[in-house]
Amino acid sequence: MRVEALELRRLRLPLVVPFTAAHGTTAVRDVVLVRARTDGPDGWGECGAQHEPTYTAEHTAGAFAVLRDHLAPRLLGRALAGDDVVAALDDVRGHPMAKAALEQAVLDARLRRDGTSLAAWLGAARTAVPAGVAVGVMGDLDRLLQAVDAYVGAGYRRLKLKIAPGWDVAPVEAVRAHVGAGVELAVDANGAYRRDDVDHLRALDAYDLQLLEQPLPPDDLVGAALATARLVTPVGLDESVGSVGEAETALALRACDVVVLKAARVGGLVAARRVHDLCVAAGVGLCPGGLLETGVGRAAALAVAALPGVRLTGDLSASDRYVARDVTAPLRLAEGGVLAVPDGPGLGVDLDLEAVEELTVELVELVAG
Ligand code: MG
């Protein structure tokens, strides 16, 4: 595909309810979408960066700038197949989510041209994936249990509670007592604890948790290995795995039982497939994850979640749980608490261009010379 132009859009999507994790509260999803205009169909990509650099170092305004000034210009006028985009950007250090957005957009254009779904191209093994939901830090047990009732009532099979120091064992104990053994429970600390806290976290072993995600800061893989050895609860890594190389390091150190697989965070779909294959070979579990995506990013996340080695239920939810108005038709929960994996060409979702226009707050178009 010849990349004729790249349209960078910054959108603001109000969330249905504000979402709080250890790293902060989000009330409006401030997100960058990329449209690749090619000599064939247009393709769309989403940058997973959040408004503030508190999940990983990337953030929306920075990603927009690096896309505009450094990444997009490197692709203009080039003939690319999509799966070669990240390699073409290899001289720029870091910025995995910004690179992943461009890869997704060019690959979407090519797969739409070829009539192949992203899921099929990746090697997906399932047509639907069980949905889960992430429940934010609420600070009030009654409010938490009300939210839990609503999600279980809506059909979610797995709940992931965000935890932070001061909001950990008590909410887990309360929710486990409330829902019984039939609902899968996981927790996510988003790196909020330190090595000295591992003994405290052992109290969570009493509640049959599916996963303790990212207990320690992203760069403390030695600490993660200590936690993995000391805890009965499976330890997962999310923020710590920002590339294929970091996945290899984590596996070599036995720093986790599970990797949370998010294509944006590891630098794209090709990288996600590689991380998947490394984890399968190492006998490490894989759990899908989300980044408060619009329908564009969620479609790609569902294709990744359908890979054969991804056996754990993660926290991919119906899109109407997050945003009132999306840029695609809403991805809804189907019978049995599952989300269908889009099977149309490319991402398999159609953009609502009117919504895209109305939600856009900044637009830059770079055209090949
Ligand atoms: Mg996480």
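Conventions and cut-offs
- Residues numbered from 1 in each chain as written.
- Predicted model: local features only at pLDDT ≥ 70, side-chain atom pairs only at ≥ 80, totals over all residues.
- Heavy atoms only, no water.
- Helix = DSSP H or I, 4+ residues; strand = E, 2+ residues; numbered from the N terminus.
- Rg over C-alpha atoms; globule rule 2.2 N^0.38 Å.
- Buried < 20%, exposed > 50% of the residue type's maximum accessible area, 1.4 Å probe, protein only.
- Contact = heavy atoms within 4.5 Å.
- Areas by Shrake-Rupley, 256 points an atom, 1.4 Å probe, with all protein chains shown as cover.
- Lys, Arg positive; Asp, Glu negative; His and termini not counted.
- Charge placed at Lys NZ, Arg CZ, Asp CG, Glu CD.
- Domains from an automatic or database assignment.
- Buried area = accessible area lost by both parts, 1.4 Å probe.
- Donors = N, O, S within 2.8 Å, 3.2 Å for Na, K, Ca; no water.

Counting its regular elements, the chain contains 13 helices and 13 strands. Radius of gyration (C-alpha) of the chain: 20 Å, near the 21 Å computed for a compact globule of 369 residues. Taken over the C-alpha atoms alone, the chain extends approximately 60 × 40 × 35 Å along its principal axes. Residue burial in the chain is summarised as follows: out of 369 residues, 59% are buried. A separation of at least 24 residues holds for 73% of the contacts in the chain among residues at least 6 apart in sequence. Of the roughly 13,900 Å² that the chain leaves accessible, carbon and sulfur atoms contribute 51%. One finds the centroid of the 36 positive side-chain charges in the chain at a distance of 2 Å from the centroid of its 50 negative side-chain charges.

This paragraph deals with the domain arrangement of the chain. Annotation of the chain at the domain level lists domain 1 (3–114 + 351–367) and domain 2 (119–340). Measuring from the centre of the C-alpha atoms in domain 1 to the corresponding centre in domain 2 gives 23 Å. If you look at the interface, domain 1 gives 38 residues, while domain 2 gives 39 residues. When domain 1 packs against domain 2, the two sides together hide about 3,000 Å² of surface, and 67% of this comes from carbon and sulfur. When residues of domain 1 are sorted by the area they lose upon contact with domain 2, Phe-19, Glu-46 and Tyr-55 head the list and together hold 21% of the total.

Here the focus is the coordination of the magnesium ion. Distances from the magnesium ion to its protein donors, Asp-188 (OD), Glu-213 (OE) and Asp-238 (OD), fall within 2.0 to 2.3 Å. Read N to C, the donor residues that coordinate the magnesium ion are spaced as D-x24-E-x24-D. Placement of the pair is Asp-188 in strand β7 (residues 184–188) and Glu-213 in strand β8 (residues 211–213), with a sequence separation of 25 residues. By relative accessible area, which is 0% here, Glu-213 ends up buried.

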